[in-house]
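Next come the chains, spelled out residue by residue.
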Number of protein chains: 2
Amino acid sequence: MKKLGMVGGIGWQSTIDYYKAICRLSLVHHSAGAGGRPPPMPEMTIESLDIGKSYGLRGGSNRNDVSWVRYDQYFRSALQRIEDSGADVAIIASNTPHNRYSYITAGIRIPVLSIFDAVARHCARLDIAEMLVLGTAPTMDGPEFADVLARQGIVAHAPASRAARESIVALISELYAGRGEAAAARIRRVVDESVPRGAATRVVCLACGELPLAFPQIEGETDMVLDGIRYLNTTMIHAQAAFDALLDDGDAAAPPLLQDRHRIHALD
Amino acid sequence: MKKLGMVGGIGWQSTIDYYKAICRLSLVHHSAGAGGRPPPMPEMTIESLDIGKSYGLRGGSNRNDVSWVRYDQYFRSALQRIEDSGADVAIIASNTPHNRYSYITAGIRIPVLSIFDAVARHCARLDIAEMLVLGTAPTMDGPEFADVLARQGIVAHAPASRAARESIVALISELYAGRGEAAAARIRRVVDESVPRGAATRVVCLACGELPLAFPQIEGETDMVLDGIRYLNTTMIHAQAAFDALLDDGDAAAPPLLQDRHRIHALD
């Protein structure tokens with residue numbers, strides 16, 4: 001298997017979700033079980049950043065603004081250290097920095113798998129035509145995710161009102177701090193306000209690593225259907241794409257069956 | 001705060017326990033809560049190794065044997081990459097490699113905080129005079145941990161019989177693979193066989209990152225008393241020592257109170 005580099009800590013809970021997912025996928029892939037010598041596990045370098053610092057380095061609403069330079073550099077230097085550590089493939093274990101993807105990855109020689117790309121391809125496979133995107137302000141309001149989705153023919157919507165957008169941003173902070181009372185119900189209210197009830201399919205993209213904390217059932221799953229709404233867990237979609245990229249040609253000859261992937265829960 | 005380097009993956013579950021503990025301790029230290037900008041979090045480089053490879057590189061029972069050279073080098077090269085990434089302090093997030101501590105850390109310029117030292121100092125503070133050590137074969141049978149404990153006046157016992165030792169080693173493999181049925185009861189049988197019931201204090205050191213998985217109640221705790229037996233969680237003792245070492249002089253002026261540390265559970 002190839003070595004993975006991961007920029008983590010933005011935030012720490014989703015770094016754990018990524019790491020756990022990749023380890024479990026590897027155990028299933030190598031058919032853990034017989035005991036004795038532990039099966040192979042991909043080597044990883046994780047550069048866990050200071051979320052307080054990264055938050056403070058965010059620039060203004062103009063994406064070309066010079067104010068973003070130090071933010072971009074903070075993430076790029078982590079990718080450079082990951083490159084120096086010998087990683088073959090890298091990911092940034094967070095949605096928000098992907099709004100600066102082209103700036104952050106400038107000059108990085110190893111592939112940096114984009115979460116927006118992974119989600120867009122996942123949606124295309126599921127024939128999703130449009131969805132509501134919930135995340136931090138840069139993810140909901142910026143053009144980057146919408147553009148990547150549009151290239152796959154998928155229409156992205158932000159929450160309908162400014163109040164709804166702000167309630168999601170506040171909820172993310174609360175979930176990060178271990179609070180977020182009635183989080184699932186609060187998300188549901190935003191969905192009901194923003195997606196017509198008569199819509200044939202109601203798809204909600206949880207495009208922020210903290211939002212899946214609102215739904216314990218979605219842990220370890222890429223998708224979940226609850227009360228007629230399909231929720232996408234971008235963390236798991238990205239982690240699965242990363243694991244697939246670590247498989248060498250020999251490994252890839254025997255990819256895990258989809259149903260095997262569900263076995264990962266038995267390994268916790 | 002200083003930057004932490006961590007050699008992880010041996011095994012992955014305890015790497016998560018370490019990472020989670022350090023992030024929670026940082027949230028409590030910085031009094032997370034008010035919302036808004038996230039509080040500072042220590043930067044970390046985690047080099048997560050392939051446990052299958054490390055297992056295969058283990059040498060023979062003679063600790064001076066040349067057969068250990070590649071094992072030592074596998075861990076030392078991870079510490080070198082951590083050093084290159086700019087970490088100020090490092091830990092190896094696992095008990096077993098500490099049986100090769102002096103070989104692995106040879107030539108490393110940053111401090112590598114030993115789990116055996118951290119546990120010995122923790123025991124001395126608690127006035128523990130003797131205890132049963134449960135872990136992998138190198139930890140139970142080797143002289144390293146016993147020597148470090150002896151320097152603090154603490155006597156270490158291994159399980160009383162060969163069968164008991166083997167049952168612990170088998171249980172560790174099962175817990176790693178997500179099994180380990182009736183794990184707590186199996187540990188208890190080894191304790192009853194190995195520690196006299198009349199002993200004034202019965203202390204059991206869970207000196208392997210997988211063994212705390214047998215006791216959900218011990219997650220996030222350094223110690224737990226259950227049915228008159230005190231269990232020590234070496235992962236948490238080591239993680240707490242690591243976090244304390246990350247505090248700068250300014251930070252250290254206001255160390256978190258012990259009772260505050262218990263608040264970390266509210267943050268999950």
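Quick caveat: nothing in here was measured; it's all calculated off a predicted structure. (Residues numbered from 1 in each chain as written. Chains lettered and ligands numbered in written order. Predicted model: local features only at pLDDT ≥ 70, side-chain atom pairs only at ≥ 80, totals over all residues. Heavy atoms only, no water.)

Q: For the pairing of strand β2 (residues 44–48) of chain B, give the residues involved together with the corresponding values.
A: A regular strand carries its side chains on alternate faces of the sheet. Burial analysis of β2 of chain B places five of its five residues in the buried class, the great majority of the element. The alternating pattern of β2 of chain B places Met44, Ile46 and Ser48 of chain B and Thr45 and Glu47 of chain B on opposite faces, both of which are buried. Of the strand pairs in this sheet, strand β2 (residues 44–48) of chain A and β2 of chain B are connected by five bridges, and their pairing is antiparallel. What sits directly across from Met44 of chain A, in β2 of chain B, is Ser48 of chain B. (Buried < 20%, exposed > 50% of the residue type's maximum accessible area, 1.4 Å probe, protein only. Helix = DSSP H or I, 4+ residues; strand = E, 2+ residues; numbered from the N terminus. Pairing = 2+ DSSP bridges.)

Q: Tell me about the packing of helix α8 (residues 162–176) of chain A against helix α9 (residues 183–194) of chain A, residues and numbers included.
A: All names here are of chain A. Between α8 and α9, whose axes approach to 10 Å, the crossing angle comes to 160°. By the angle class used here, α8 and α9 are roughly antiparallel. In this structure, α8 crosses over α9, and the sense of that crossing is left-handed. Contacts between α8 and α9 involve Ala164, Ser167, Ile168, Leu171, Glu174 and Leu175 on the former and, on the latter, Ala183, Arg186, Ile187, Val190 and Glu193. Tallied by class, residues from the contact of α8 with α9 come to seven nonpolar, one polar and three charged. (Axes fitted to C-alpha atoms, helices over the stretch in contact; angles between N-to-C directions. Parallel < 35°, antiparallel > 145°, perpendicular 65-115°, else oblique. Left-handed = near helix turned anticlockwise from the far one by under 90°. Contact = heavy atoms within 4.5 Å. Nonpolar A, V, L, I, M, F, W, Y, C, P; charged D, E, K, R; others polar.)

Q: Provide a residue-level description of helix α3 (residues 69–84) of chain B, including the pertinent values.
A: All names here are of chain B. Taking 1.5 Å of rise per residue, 16 residues should cover 22 Å, and α3 covers 22 Å from first to last C-alpha, within 8% of that figure. Tyr71, Asp72, Tyr74, Phe75, Arg76, Ser77, Ala78, Leu79, Ile82 and Glu83 are the residues of α3 that are buried. Looking at the packing, one finds that the buried side of α3 touches β1 (4–8), β2, α2 (51–56), β3 (89–92), α4 (101–104) and β4 (112–113). (Expected span 1.5 Å × (residues − 1).)

Q: Tell me what's going on with the side chain of Glu174 of chain B, and back it up with residues and numbers.
A: All names here are of chain B. Positionally, Glu174 belongs in helix α8 (residues 162–176). Residue Glu174 is classed as buried on the basis of its relative accessible area, which comes to 18%. Ignoring sequence-local partners within four residues, the contact set of Glu174 consists of Arg179, Gly180, Glu181 and Arg186.

Q: Tell me what's going on with the confidence of the model for chain A, and back it up with residues and numbers.
A: Predicted coordinates in regions of low pLDDT should not be interpreted in detail. All names here are of chain A. Summary statistics for chain A give a mean pLDDT of 90 and a share of 90% for residues scoring 70 or more. Low pLDDT (under 50) marks residues 252–268, which in the prediction has 30 contacts with non-local residues, meaning those over four places away or in another chain. Confidence estimates for the predicted assembly give a pTM of 0.92 and an ipTM of 0.91. (pLDDT = per-residue confidence, 0-100.)

Q: Describe the interface of chain A and chain B, naming the residues involved and giving the relevant values.
A: With 42 residues of chain A in contact, the opposing surface of chain B contributes 42 residues. Between chain A and chain B, the buried area comes to about 3,500 Å², and carbon and sulfur atoms account for 58% of it. Put simply, chain A and chain B have two salt bridges between them. Lys3 of chain A is the partner of Glu47 of chain B in a salt bridge, and the nearest nitrogen-oxygen pair spans 3.0 Å. Across the contact surface, chain A and chain B share 13 residue pairs in polar contact (both at pLDDT 80 or more). (Buried area = accessible area lost by both parts, 1.4 Å probe. Salt bridge = Lys/Arg side-chain N within 4 Å of Asp/Glu carboxyl O. Polar contact = N/O pair within 3.5 Å; in protein donor to acceptor, adjacent residues only side chain to side chain.)

Q: Give me the pairing of strand β5 (residues 130–134) of chain B: which residues, what numbers.
A: Residue and element names in this part refer to chain B. Across the five residues of β5, four count as buried, placing the element largely inside the fold. With three bridges connecting them, β5 and strand β7 (residues 202–206) associate as parallel partners. Bridge pairing in β7 links Val133 to Cys205.

Q: Which residues make up the relation of the copies chain A and chain B, and what values do they have?
A: It takes a turn of 180° to lay chain A on chain B, together with a shift of 0.0 Å along the axis; the resulting RMSD is 0.0 Å. The relationship between the two copies is best expressed as a two-fold rotation axis. Using C-alpha coordinates, one finds that chain A approaches the rotation axis most closely at Ile46 of chain A, a distance of 2.4 Å. Interface residue correspondence from chain A to chain B reaches 100%, placing this contact among same-surface, isologous pairings. (Least-squares fit on C-alpha atoms with pLDDT ≥ 70 in both.)

Q: How would you explain the pattern of salt bridges if you had to name every residue and give the values?
A: All told, the structure shown has 24 salt bridges over all chains when counted by the stated rule. One salt bridge connects Glu83 of chain A with Arg109 of chain A, and the closest N-O pair in it is separated by 3.4 Å. Here Glu83 of chain A is found in helix α3 (residues 69–84), whereas its partner Arg109 of chain A is found in the loop between α4 (101–104) and β4 (112–113), with 26 residues between them in sequence. With a closest N to O distance of 3.1 Å, Arg162 of chain B and Glu166 of chain B form a salt bridge. Here the residue Arg162 of chain B and the residue Glu166 of chain B both occupy positions in helix α8, the gap between them amounting to four residues, near one helical turn. Of the residues examined, Arg162 of chain B reaches a relative accessible area of 61% and is grouped as exposed. Taken together, the shared-partner salt bridges in this structure form one network comprising Arg188, Asp192, Arg202 and Asp227 of chain A.

Q: If you had to explain the environment of Ile229 of chain B to someone new, which residues and values would you point to?
A: Within the element layout of this structure, Ile229 of chain B appears in strand β9 (residues 229–233). Setting aside residues no more than four positions away along its own chain, Ile229 of chain B makes contact with Arg188, Val191, Arg202, Val204 and Met224 of chain B.

Q: Can you tell me about the sheet that holds β3 of chain B, naming the residues and giving the values?
A: Across the sheet, which stays open at both edges, the eight strands sit in the order β4(A)-β3(A)-β1(A)-β2(A)-β2(B)-β1(B)-β3(B)-β4(B) with mixed pairing between neighbours. If you trace the sheet from one side to the other, it starts and ends with β4 of chain A together with β4 of chain B, each paired once. The pairing of β1 of chain B with β2 of chain B spans five bridges and is parallel. Bridging across to β2 of chain B, Leu4 of chain B finds its partner in Met44 of chain B.

Q: Explain the sheet that holds strand β6 (residues 155–157) of chain B to me, using residue names and the numbers behind them.
A: Residues and elements named next belong to chain B. If you trace the five strands from one edge of the open sheet to the other, you get β6-β5-β7-β9-β8, paired in mixed fashion. The outermost strands of the open sheet, each flanked by one partner alone, are β6 and β8 (223–226). The average angle at which neighbouring strand axes cross in this sheet is 30°, direction not considered. Its contacts with the sheet place helix α10 (residues 234–246) against β7 and β9, and it is angled at close to 50° to β9.

Q: Quick one: what's the story with unusual backbone geometry, residue by residue and with numbers?
A: The omega torsion of the bond from Ile10 of chain A to Gly11 of chain A falls at -5°, within 30 degrees of zero and hence cis. With phi around 50°, Asp227 of chain A is a residue other than glycine that occupies positive phi space. Tracing the backbone through its elements, the reader meets Asp227 of chain A in the loop between β8 (223–226) and β9 (229–233). When its relative accessible area of 60% is taken as the criterion, Asp227 of chain A is described as exposed. Phi at Asp127 of chain B takes a positive value of approximately 60°, unusual for a residue other than glycine. With respect to the helices and strands, the residue Asp127 of chain B is situated in the loop between α5 (115–125) and β5. Residue classification places Asp127 of chain B among the exposed residues on the basis of a relative accessible area of 69%.

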